[in-house]
Amino acid sequence: MLSNEDNIRLTRVSRGTPMGELMRRYWQPVLLSAELPEPDCAPVRVRILGEDLIAFRDTNGKIGLVEAYCPHRRAPMFYGRNEECGLRCVYHGWKFDADGNCVDLPTEPTSSKMKDHIKIGAYPTFEKADIVWAYMGPKEDMPAPPDYEWTRAPATHRHITKTYEQCNWLQALEGGLDTAHSSYLHRSKAWAGSAIRERDGAPRLDVDKKDWGYTYVSHRNSGEDGTYVRVYQFVMPWQQMRGGVTKNQQRWDYPKLDGHIWVPIDDEQTWVFNWAHGIDHNTPLPKEHMEKVDTNAGRGPDDYIPGTYIPKRNLSNDYMIDREMQKNVNFTGITGINTQDFALQESMGGSGDGPICDRTGEHLGSTDKAIIAMRNPAGGHPRCGGGQAAARLRTRKPPRRAAVRHIGSAECGLAQRDGLRPAPEVVSGSFHIPVSSL
Ligand code: FES
Ligand SMILES: [Fe+2]
C-alpha cells in the first residue's frame, strides 16, 4: 500500500507537482502523425499533462504545439487559420509561427515594435515512428529525442495506434506491468484454460533494476512443457515493452515486440500509445494481421466511436459485459483483451477521487513485485512510493537516453534456476524453456 501523500505524489501530473515535473523531462508522445495529415491542415486540440494546447502542421510540414489561447485577449487558437507558415488567431488576426514567434500583428501601426516581443507559448516537437513527440520541460534539461529500437523500425515493421483511457495514468501503467492478471482477467475459458499463462496463476517474478527502469521476468510452471518465462521492460516514466509468444504459439509467424506508453492527458485521463515492432528483418507486419491483433485487443477499426479514439465498449455501458458469456465462455464476459484491462483499471477503488486509485487500501502480494519496483525504481523502502519522481528529481539529471536507446529486443533476460541472467543474444521477450534446459 501507499500512504495518501505518496499516492498523490505519484499520480498527479500538473506543472509543479513532482511527477508532473518528472514527466516534463521526457519527450511525450502527443499525437499520431496522421492527425496532422498534410501542410496547412486543420489544427487539432491537444491536452497533455493537464495543459491545453493546439497543434498544427505549417506550410513547410513543421509541427507547432502552442498554447490554446491567444496572448492578445485569450481567444481560442483552435479556430485559427493555418496559413503561410503560421497560425493566425481569427479574433484580431495576430499570427504565430511554429516556434511561437509573432509574425504578424495587424492591429498595431506599422511603426509599432510590439510584434517583436509578443510570443505564444510553444513546445519543441519531433516526429518519429508516426508519432508527434513534444518536450514540455526546461530547455536546459532537454534530453536527446526518443530513439528506441521500435522507433527506428521501418514502416513495414511498425504498427502504432492510440486509445483513450478514462483513468489516471499510473493504474493503467501498473496493469501493463502486472503479469499475474493475464492468468485470470484474459482467460479465454471461464476456468479450465490451457493457454500458456493460464496453467500457472501464481508466477514468480525477478526484477533487475536499471537506471532507465528495469527488466523483469515471470516464471510459470508449464507442466511437462517446462517453464514459461515472460520478459518485460519498464522504461521510465511510463513505458512497458514485452515479447511475443513462443515458437509453439501461432504468433511466431510474425515475431514482434509490443509495448505501450501511457501518457497522462491530465490526472484523470490517459492516452495509450500502442506500438508493435517486427523483430525479424525478413518478416514485415502485414496490415491485415495487425488489424486482427488490434481487434483481439478491442481496438480494431470497428471498435472505436467514429471520429474518436474512444472505444465503443467503455465505462458508460459497462464495456457491454455479457453475463451469459461470463458464465460459459470467458472469465469476464467482456470482449477484447485491452477492453478487459480498461474495465478493471477505469473503475479501480477510489476514495471520492474519481478515476484515481486509492492505494492506501491495497494489499500487495508476491506477484506485485514489479509494480512495487516501478513505484520506487531507484531503491529505498519497498513499500514507499514516490521514488520514481523523487529519485529522478533528486539527481537533477535528465533521463539517460544513452542507456535507453539500447533497449528493445536486445535487452532481454533469460531466467535461470538461480536467478536472472542477461542473455542479450536472445531476441524475443517471451520464452518457453523445456525443463531439460534448466
Ligand atoms: S485575441 Fe487573438 S488576435 Fe485578439
Ligand atoms: Fe491485461
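Presented here is a report on the structure given in the accompanying data block.

## What about the overall build of the protein chain?
Tallying secondary structure elements over the protein chain gives 11 helices and 20 strands in all. Put simply, the protein chain has 438 residues, and 54% of those count as buried. Restricting to contacts in the protein chain with at least 6 residues of sequence separation, those with at least 24 account for 58%. Carbon and sulfur atoms provide 52% of the accessible area of the protein chain, an area that totals close to 19500 Å².

## Brief notes about the pattern of salt bridges
Think of it this way: side chains of opposite charge can pair up when their charged atoms draw near. Inspection of every chain in the model, using the stated rule, returns 26 salt bridges. Across the pair Arg57 and Glu127 runs a salt bridge, and its minimum N-O distance is 2.9 Å. In this pair, Arg57 sits in strand β3 (residues 51–57) while Glu127 sits in strand β9 (residues 125–128), placing the two residues 70 residues apart along the sequence. You can call Arg57 buried: its relative accessible area is 9%. Of the charged contacts, one joins Asp208 and Lys210 as a salt bridge, the two residues approaching to 3.4 Å between their closest N and O atoms. A residue is classified by how much of its surface remains accessible, and Asp208, at 24% relative accessible area, is partly exposed. Given the relative accessible area of 26%, Lys210 is considered partly exposed.

## With respect to the coordination of the iron ion (ligand 2)
The protein atoms that coordinate the iron ion (ligand 2) are His181 (NE2), His186 (NE2), Asp341 (OD) and Asp341 (OD), at distances spanning 2.1 to 2.7 Å. Classification of the site at the iron ion (ligand 2) as irregular follows from its 4 donor atoms and the range of 52 to 146 degrees in their angles at the metal. Taken in sequence order, the residues that donate to the iron ion (ligand 2) follow the motif H-x4-H-x154-D. With a gap of 160 residues between them, His181 in the loop between α5 (169–176) and β12 (204–210) and Asp341 in helix α8 (residues 337–345) connect regions that are remote in the sequence. Given a relative accessible area of 18%, His181 falls into the buried group.

## Quick word on the sheet that holds strand β4 (residues 63–67)
With respect to topology, 3 strands assemble into an open sheet ordered β2-β3-β4, the strand pairing being antiparallel. For this open sheet the edge positions go to β2 (44–48) and β4, each flanked by a neighbour on one side alone. The mean angle between the axes of side-by-side strands here comes to 35 degrees, regardless of whether they run parallel or antiparallel. As defined by bridge partners, β3 adjoins β4 across 5 bridges and the pair is classed as antiparallel. Among the inter-strand pairings, Ala55 is bridged to a residue of β4, identified as Leu65.

## Details of the environment of Pro264
In this structure, Pro264 sits in strand β16 (residues 256–266). Sequence separation between Pro264 and Val13 is 251 residues; the distance between their C-alpha atoms is 7.3 Å. In this structure, Pro264 is in contact with Val13, Met23, Ile48, Leu49, Trp169 and Gln269, ignoring residues within four places of it in sequence.

## Some points on the pairing of β2
Of the two faces of β2, only the one carrying Val44, Val46 and Ile48 is buried; Arg45 and Arg47 on the other face are not. Pairing of β2 with β3, which is carried by 5 bridges, proceeds in the antiparallel orientation. When the sheet's bridge partners are listed, Arg45 is paired in β3 with Ile54. Remark: 2 residues form the turn of the hairpin made by β2 and β3, two consecutive strands paired antiparallel; Leu49 in that turn has positive phi of roughly 50 degrees.

## Digging into the side chain of Glu346
Structurally, the position occupied by Glu346 is in the loop between α8 and α9 (369–375). Buried charge Glu346 goes without a salt bridge, the closest partner of opposite sign being Arg299 at 12 Å. Polar side-chain contacts of Glu346 include one of 2.6 Å to the backbone nitrogen of Gln166. Of the polar contacts made by the side chain of Glu346, one reaches the side chain of Tyr319; its length is 2.4 Å.

Basis of the calculations
- Residues numbered from 1 in each chain as written.
- Chains lettered and ligands numbered in written order.
- Predicted model: local features only at pLDDT ≥ 70, side-chain atom pairs only at ≥ 80, totals over all residues.
- Heavy atoms only, no water.
- Helix = DSSP H or I, 4+ residues; strand = E, 2+ residues; numbered from the N terminus.
- Buried < 20%, exposed > 50% of the residue type's maximum accessible area, 1.4 Å probe, protein only.
- Contact = heavy atoms within 4.5 Å.
- Areas by Shrake-Rupley, 256 points an atom, 1.4 Å probe, with all protein chains shown as cover.
- Salt bridge = Lys/Arg side-chain N within 4 Å of Asp/Glu carboxyl O.
- Donors = N, O, S within 2.8 Å, 3.2 Å for Na, K, Ca; no water.
- Tetrahedral: all angles 85-135°; square planar, octahedral: opposite > 155°, others 65-115°.
- Pairing = 2+ DSSP bridges.
- Axes fitted to C-alpha atoms, helices over the stretch in contact; angles between N-to-C directions.
- Lys, Arg positive; Asp, Glu negative; His and termini not counted.
- Polar contact = N/O pair within 3.5 Å; in protein donor to acceptor, adjacent residues only side chain to side chain.

What is shown is where atoms sit, not what they do.
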